[in-house]
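Okay, here's what each chain looks like letter by letter:
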Amino acid sequence: MLFGNKFKKTQIKINNIAINLVHGGEGYPLLLLHGYPQTHVIWHEVAQHLAKGFHVICPDLRGYGDSSKPPSATDHYPYSKRAMAQDMDEVMEALGYKQYYVAGHDRGARVVHRMARDYPDKVKKACVMDIAPTYHMFTTTDKNFATGYYHWFFLIQPDRLPEHMIGLDPEYYLKEKLKRWSAPNAVFSEEAVAEYVRCFSQPEAIHSSCEDYRAAASIDLKHDEEDAHIQVECPLLVLWGKKGFVNKTYDVLNVWREYAKQVMGKSLDCGHFLPEELPGEVVSELQDFFSENENLKQ
């Protein structure tokens, strides 16, 4: 068992869909959100350590893992970060929490950014891992970005083109993604990778994940433009991989200071997949950041 016997697996039905999750531990609620093309399993090592001081909740985002994969729409709203943020807030409500901490990696970090904007009275502290804000990345696109993040422009193509091409060999595509975006010699759990392959090999999962990126290139940008005047109010921890694309491309902390009022953070000596490449350091950073517990109103 990747998460050990202290974690319970369940599904919570909200917004006419089911969100798959594991949760365990005691203490203040800490929501951990995964990225593409993974599932909640990315947190399997980190979660066990954090559960010693927090109630850790690790869900699959809609469209990923064993969560529901609802039909999309012409404007891609069902896979917008706003829809995903609402899912996660309602999951926390269903668990009895009106306020909570949240950390996210990759796509999950983009959901965290949206949650901090849409639910400022509920998100007490937030952490984003290995991203710059979506709006900033699209509006500063150049050859370097388009080359390094080619998948952003591939996955948004219409008429199920990327779905067809990925679907011809989803295991190859996923494993190449892990290899290309991690640091040299990074090691992933075979059990975790097998779980990623199982979930991502579903045609509906491939389609849903493409819709996630299509939303990012359309309705998410519209929401970001509408909220350009809103800075994240809660303390924000930013972590990123020193050997990854984000570190090579952006002045990460200064970019985030345009979007949030209280920003701190650092790079870690790894590639893109921080929770799996350096779980011990991620645990340490999150424990330090979230350790100043507040009297959360439950």
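As shown above, the structure is provided for reference.
First, a word on what this report is: a plain description of the structure on this page. Residue indices begin from 1 for each chain and proceed along its sequence in written order. For a predicted model such as this one, the threshold for reporting local features is a pLDDT of at least 70, and the threshold for listing and counting side-chain atom pairs is 80 or more; totals across whole chains, interfaces and linings nevertheless cover every residue. Note: side-chain values were computed over all heavy atoms of the structure, leaving out hydrogens and water.

Let's shift gears to unusual backbone geometry. With an omega of -5°, the peptide bond running from Y36 to P37 counts as cis. Secondary structure elements are taken from DSSP: a helix is a run of H or I of four residues or more, a strand is a run of E of two residues or more, and numbering for both begins at the N terminus. Locating P37 in the fold gives a position in the loop between strand 3 (28–33) and helix 1 (44–50). The backbone phi angle of H76 is positive, close to 65°, even though this residue is not glycine. Relative to the elements of secondary structure, H76 occurs in the loop between strand 4 (54–59) and helix 2 (81–94). For D159, which is not a glycine, the phi torsion comes out positive at approximately 60°. Note on placement: D159 falls in the loop between helix 6 (150–154) and helix 7 (161–167). By relative accessible area, D159 is classed as exposed at 74%. To sort residues, take the accessible area from a 1.4 Å probe on protein chains only and compare it with the maximum for the residue type: under 20% means buried, over 50% means exposed, and anything in between is partly exposed.

So, on to the side chain of E163. Mapping E163 onto the fold places it in helix 7. E163 sits in the buried class, given a relative accessible area of 8%. Polar contacts, as counted here, are pairs of nitrogen or oxygen atoms within 3.5 Å of one another; within protein the pair requires one atom able to donate a hydrogen and one able to accept it, and residues that are adjacent in sequence qualify only if both atoms are side-chain atoms. Only 2.7 Å separates the side chain of E163 from the side chain of H207, close enough to count as a polar contact. Once you skip the residues sitting within four places of it in the chain, E163 turns out to touch I206, H207, C210 and R214. Pairs of residues are marked as contacts when any of their non-hydrogen atoms sit within 4.5 Å.

Whenever a helix is involved, its axis is fitted only over the stretch in contact; in every case the axis is a line through C-alpha atoms, and angles between N-to-C directions fall within 0 to 180 degrees. For the pair helix 2 and helix 3 (residues 107–118), interaxial distance at closest approach is 8 Å and the crossing angle is 75°. As summarised for this structure, helix 2 and helix 3 are arranged roughly perpendicular, according to the angle between their axes. For the pair formed by helix 2 and helix 3, the contact residues are K81, R82, M84, A85, M88 and D89 on the first element and R107, R110, V111, R114, M115 and D118 on the second. The class makeup of the residues in the contact of helix 2 with helix 3 is five nonpolar, no polar and seven charged. For classification, angles of less than 35 degrees are called roughly parallel, those exceeding 145 degrees roughly antiparallel, those between 65 and 115 degrees roughly perpendicular, and all remaining angles oblique. Put simply, Ala, Val, Leu, Ile, Met, Phe, Trp, Tyr, Cys and Pro go in the nonpolar bin, Asp, Glu, Lys and Arg in the charged bin, and everything else, Gly too, in the polar bin.

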